[in-house]
Amino acid sequence: MREAPLLAITDLEVRHGSVPAVRGLSLELRRGEVVGLIGPNGAGKTTTLHAIMGIVRPYRGSIELAGRSIRGLPPERVARAGIAIVPEGRRIYGELTVEENLRLGLVARRARNGAANPFEPVLALFPALRDSLERRAGALSGGQQQQLAIARALVAGPEVLLLDEPSLGLAPRLVDAVFEALAEIRASGISALLVEQRAQRTVAFADRTHVLANGELRMTLGPADAGDTNRLVEAYLAS
Amino acid sequence: MNVLQTSIDALALGAVYALMAVGIGLVFGVLRLVNFAYGQLIMAGAYTLAFTGSWGDPASIAVCVAVVVTLSVAMELLAFRRLRGASPATMLAATFAISFLLQSIALLRYSFANKPIGDSVGTLSGLNRSLRLGSAQIQWITIVAIVVALVVLAALGLFLNRTSIGLQMRAAAADFRTARMLGVGANTVILLAFVISGLLAAITAVIFVVQTPLVTPDFALRDTIIVLVGIVVGGIDRLVTATLGGFFIGVATGVLGDTLPSGSRVYLPSAVFALVILVLLLRPRGLFAIFGRAPAERV
Amino acid sequence: MRRLNASLQLLAPCALVVLVGLGGRATTAGTQTEVWNALVNVAIVVGLYVFVGNSGVLSFGQISFVAVGAFAAGLLTVDPTVKPNVLPGLWPFLAHHSIGNVPSLLLAAALGGVFAFLVGLPLMRLSGLAAGIATFAVLEITHNVLRNWTKIGPGATTLALVPGTTTFAQATLGALIAVVVAFCYQQSRFGRQLRATREDPAAARAAGIDIHRQRLLAFTLSGALCGFAGGLLVHLLGSIDTEQVYLDLTFLTLAMLVVGGAQSLFGAVVGALGVSLLDTFLGNAENTVHVLGLRLHLPGGSRLVGVAAAMLVVLVLRPSGLTGGREFSLRLPRRLRAPRAQAPEPR
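Quick caveat, the model's predicted, so the values are computed rather than measured.

Reading the values: rules and limits
- Residues numbered from 1 in each chain as written.
- Chains lettered and ligands numbered in written order.
- Predicted model: local features only at pLDDT ≥ 70, side-chain atom pairs only at ≥ 80, totals over all residues.
- Heavy atoms only, no water.
- Helix = DSSP H or I, 4+ residues; strand = E, 2+ residues; numbered from the N terminus.
- Rg over C-alpha atoms; globule rule 2.2 N^0.38 Å.
- Buried < 20%, exposed > 50% of the residue type's maximum accessible area, 1.4 Å probe, protein only.
- Contact = heavy atoms within 4.5 Å.
- Areas by Shrake-Rupley, 256 points an atom, 1.4 Å probe, with all protein chains shown as cover.
- Lys, Arg positive; Asp, Glu negative; His and termini not counted.
- Charge placed at Lys NZ, Arg CZ, Asp CG, Glu CD.
- Disulfide = S-S within 2.5 Å.
- Polar contact = N/O pair within 3.5 Å; in protein donor to acceptor, adjacent residues only side chain to side chain.
- Buried area = accessible area lost by both parts, 1.4 Å probe.
- Salt bridge = Lys/Arg side-chain N within 4 Å of Asp/Glu carboxyl O.
- Nonpolar A, V, L, I, M, F, W, Y, C, P; charged D, E, K, R; others polar.
- Patch = residues over 30% accessible without salt bridge, like charges linked within 9 Å, V, L, I, M, F, W, Y side chains within 5 Å.
- Axes fitted to C-alpha atoms, helices over the stretch in contact; angles between N-to-C directions.
- Parallel < 35°, antiparallel > 145°, perpendicular 65-115°, else oblique.
- Expected span 1.5 Å × (residues − 1).

Engineer: What is the right way to read the overall build of chain C from this model?
Structural biologist: The secondary structure content of chain C amounts to 15 helices and two strands. For 347 residues, the compact-globule estimate of 2.2 N^0.38 gives 20 Å, and the C-alpha radius of gyration of chain C, at 21 Å, lies within 12% of that figure. Summarising its shape, the C-alpha atoms of chain C cover approximately 70 × 60 × 35 Å along the three principal directions. Within chain C, the proportion of its 347 residues that are buried is 54%. Put simply, of all contacts in chain C between residues at least 6 apart along the chain, 76% involve residues at least 24 apart. Carbon and sulfur atoms make up 66% of the accessible area of chain C, which amounts to about 14,600 Å² in all. For chain C, the distance from the average site of its 24 positive side-chain charges to the average site of its 13 negative ones is 13 Å.

See below:
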């Protein structure tokens, strides 16, 4: 018997004004999985994450975390329920120190009764941050800022991690580092919904990758499809 | 004109204006709202002191704090909370309306009873006495004002930099949406800003009331306007620059008020405001906004 | 259909103005002055709207143009045989000359426009709070100069003995003129370009719109209308004092605009008339008034409380203003038309 999904989205519709940005989207995230979400710009990927996070209110559809509806909850409640997001563009606090940025990640955790020192495992994952704890976050390199954004989300001890284009603007070597970190995160039992532009890498890495175009789910690909460029192109261009 | 006297008096005015700037700046940071009605909070505090004068200073001041903080929180709960996401013009107009409302309620006192406008206050009147410092006559309240402002600002600094909730407030001011996504409670942080803002207004009221023992419905209105100008000239985007702006315009007002010979003093406001325009044209983000990029826009 | 709608958009505020004017004629002398005052307020708020509503930039300085217009029109219509005695410090040219009623209004408009143009040249670069404070500084400077420069005006004293020519015809026509001018502007290419910058400055710039120039144009026009309104005002009151065209009027007119709906001409008119007439009504109630068979007597001073409270309530319940920032239209608002619901962003 299949375990109930950790995160279940059913028939989601989100509108910007009267224009639907996401339409009839259904997807599941089970424990320990990484599900990818790829598609062209404006396909509705970020909107989906924002709907989960409570930044936009869905027009229709349901969003459930471990069976409990989180639809319509304000962002802070969603965060405290156990979903952490690594936002598009990182959105770290440049004027605060690295340590302060990490401490902010704790806000959601404390509300859910976390224990022990939450910084340690995260710093073990991103050792470069350990040396920069007192530095202004704005002084870090792009790659380090991305690591900080992911670390900050992990510090909250989430059950579900949402990532919005974590490899955006990073050099290939740094992209590798991001995916390596994601592999370790998956191995530690955290489930993740990964929105990405890099279609091939995502399809190869994720347990399952959905292709979104024009707000609708076009097809679902598995790791085996990573080498099949034709299928990828077909998915992107289908309308 | 006595240099020492002018300097200390101007410093005190700058100190109090800095307190006001923080009170206004804190709320602006989390809400992007310029609370023009801040002066009415001070007015309410002053009136409370006037009405409770016979209760003794400690009790009187305690009640003043309670009343002002309650009023500040009420502004948020009854008005501003419903205006989240409204245009800046609407929010500003709402603060005008609140300011009119509170002023006109205060005016009722005099129109009902057909009294001349003004209530006298005796709080801490002992501080009106002065002491000699060299060639200067400094009122005790001047020194108290400087000390109190320093202590309060230091305490606030510690609060914002060393506590978790202070960190959350700083984050909310810099990028509210991301802060919420990290679990920072929007309404909690905003409410806290209004509480602290009210506290600062109450302290300001006590100081003003000692310096000007007559309360009128437009008490602190002129000061609020000057502080607002100072905040924007200093740089409203960050609390530090806003506070510096308030401080410097206070000092400038104090110095210029004392140093200019009375003949040419009539056009002083024009000179000052012409300077304000010049500064804004050259540095629209504020005089002290030297470092850092603009904070992320609040969505 | 579009033509009809456009005409309706002009007709509605005009009709309101005329109705109020006619209504004023039918009331007692005391109330009449207040009704003409309401119409003058329409002219001021419409002048304010031309800039603030179309550009989305808050200006606290428009009342300085009202002031300039009021003092100029007032000063130059006082009987020149009396002027030198009452205002001994005046420049001889000003002391010994006077002009007629309509020329004074035209002069007021011209001066308001020129002043606004000169002020706007540097200031229209600014946006947001910087613009707000800078225009506020203009208000302060104007007030300071008018209050102290006795060569060009009465200084700190009240300028009196101004002919009271603003009665039914002048008030109503004046308000109508303001409305028509504002409407023509907003329908024009310039008005539409400016509104585009309000919605999305970056996109507008990319489309080739010169933001500075469009703002300057609106600001100048606004200055002219405000100056004109100042002329109307001084001829209504028969006198003018610097405090009457300073902070209180600034905050009041801005609040009127926002309460009515800052983004539409109809909103400006509705806001000005609504608040002014409420104030008049409450003022009458302070002297006992009979409404719907009930006797209403308000204690003195409570009219201000009533007006302020009403404005606050409107803003809190309807942040986009009474008209929602929309012009008058026969079409039902979206909400009532289709059954599908909108999903706004939660806050």
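Having seen it, we continue.
Engineer: In this structure, what is going on with the state of the cysteines? I would like to understand it.
Structural biologist: In a disulfide, the sulfur atoms of two cysteines are covalently bonded to one another. Residue and element names in this part refer to chain C. For the coordinates displayed, the defined rule picks out zero disulfides over all chains. Free cysteine Cys-14: the closest other cysteine sulfur is in Cys-184, separated by 9.6 Å. Among the residues examined, Cys-14 registers a relative accessible area of 13% and is labelled buried.

Engineer: I would appreciate a short explanation of the side chain of Asp164(A) in the present structure.
Structural biologist: Residues and elements named next belong to chain A. Take Asp-164: it is sitting in strand 7 (residues 160–164). At 3.0 Å, the side chain of Asp-164 and the side chain of Thr-46 are in polar contact. Ignoring anything within four residues of it in the chain, the contact list for Asp-164 reads Thr-46, Leu-49, Val-86, Pro-87, Glu-88 and Val-195.

Engineer: Looking at this model, I keep getting lost on the side chain of Glu140(C). Mind explaining?
Structural biologist: On the secondary structure map, Glu140(C) appears in helix 7 (residues 128–148). In this structure the side chain of Glu140(C) is engaged in a polar contact, spanning 3.1 Å, whose partner is the side chain of Arg222(B). Discounting chain neighbours no more than four positions away, the residues touching Glu140(C) are Arg222(B), Phe273(B), Tyr246(C) and Leu247(C).

Engineer: What's the story with the interface of chain C and chain B in this structure? I'm lost.
Structural biologist: Where the parts come together, the accessible area they lose is often given as the size of the interface. Tallying the contact residues gives 42 residues for chain C and 47 residues for chain B. Counting the surface lost from both chain C and chain B, the interface buries some 3,600 Å², and carbon and sulfur atoms represent 80% of this. Summed over the shared surface of chain C and chain B, the number is one salt bridge. The residue Arg222(B) makes a salt bridge to Glu140(C) at a minimum N-O spacing of 3.1 Å. At the junction of chain C with chain B, the criterion picks out seven residue pairs in polar contact (both at pLDDT 80 or more). If you list the elements that add at least two residues to the side of chain C that touches chain B, you get helix 6 (101–123), helix 7, helix 12 (247–260) and helix 14 (302–317) of chain C. Among the elements that take part in the side of chain C that touches chain B, helix 7 of chain C stands out by supplying 12 residues, more than any other. Taken together, the residues that form the side of chain C that touches chain B break down as 33 nonpolar, five polar and four charged.

Engineer: Even after reading the chapter, I still don't get a nonpolar patch on the surface, so can you show me in this structure?
Structural biologist: On the surface, a cluster of nonpolar side chains totalling about 370 Å² of accessible area is made up of Val266(B), Tyr267(B), Trp91(C) and Trp149(C). When you line up the elements, Tyr267(B) lands in the loop between helix 10 (239–259) and helix 11 (268–282). A residue is classified by how much of its surface remains accessible, and Tyr267(B), at 33% relative accessible area, is partly exposed.

Engineer: Whenever I open this one, the packing of helix 2 (residues 29–55) of chain C against helix 11 (residues 211–237) of chain C confuses me. Can you help?
Structural biologist: For any two helices packed against each other, one specifies the crossing angle of their axes together with the interaxial distance. Residue and element names in this part refer to chain C. Running from N to C, helix 2 and helix 11 cross one another at 170°; their axes reach a closest spacing of 8 Å. Viewed along their axes, helix 2 and helix 11 adopt a mutual orientation that is roughly antiparallel. Contacts from Thr-33, Trp-36, Asn-37, Val-40, Ala-43, Ile-44, Gly-47, Leu-48, Val-50, Phe-51 and Ser-55 in helix 2 reach Arg-215, Ala-218, Phe-219, Leu-221, Ser-222, Leu-225, Cys-226, Ala-229, Leu-232, Leu-233 and Leu-236 in helix 11. Of the residues assigned to the contact of helix 2 with helix 11, the class counts are 16 nonpolar, five polar and one charged.

Engineer: I tried to follow the environment of Val40(C) on my own but got confused; where do I start?
Structural biologist: All names here are of chain C. Looking at the secondary structure, you find Val-40 in helix 2. Along the backbone, Val-40 and Gln-170 are 130 residues apart, and their C-alpha atoms lie at a distance of 9.4 Å. Not counting the four nearest positions on each side in its chain, Val-40 is found in contact with Thr-166, Ala-229, Leu-232, Leu-233 and Leu-236.

Engineer: Could you clarify how one ought to interpret the environment of Thr157(C) in this entry?
Structural biologist: Residues and elements named next belong to chain C. As for its placement among the helices and strands, Thr-157 is situated in the loop between helix 7 and helix 8 (168–187). Distance in space between the C-alpha atoms of Thr-157 and Ile-240 is 9.0 Å, their sequence separation being 83 residues. Ignoring anything within four residues of it in the chain, the contact list for Thr-157 reads Ile-240 and Asp-241. From its side chain, Thr-157 meets the backbone oxygen of Pro-154 in a polar contact 2.8 Å long.

Engineer: How should helix 6 (residues 142–155) of chain A be read in this particular structure?
Structural biologist: All names here are of chain A. Along its 14 residues, helix 6 runs 20 Å from first to last C-alpha, staying within 8% of the 20 Å computed at 1.5 Å per residue. Counted residue by residue, helix 6 has 12 buried out of 14 residues, so it is predominantly covered. Those residues of helix 6 lying buried are Gly-143, Gln-145, Gln-146, Gln-147, Leu-148, Ala-149, Ile-150, Ala-151, Arg-152, Ala-153, Leu-154 and Val-155. Immediately downstream of helix 6, the backbone of Gly-157 shows phi near 60°, a positive value.

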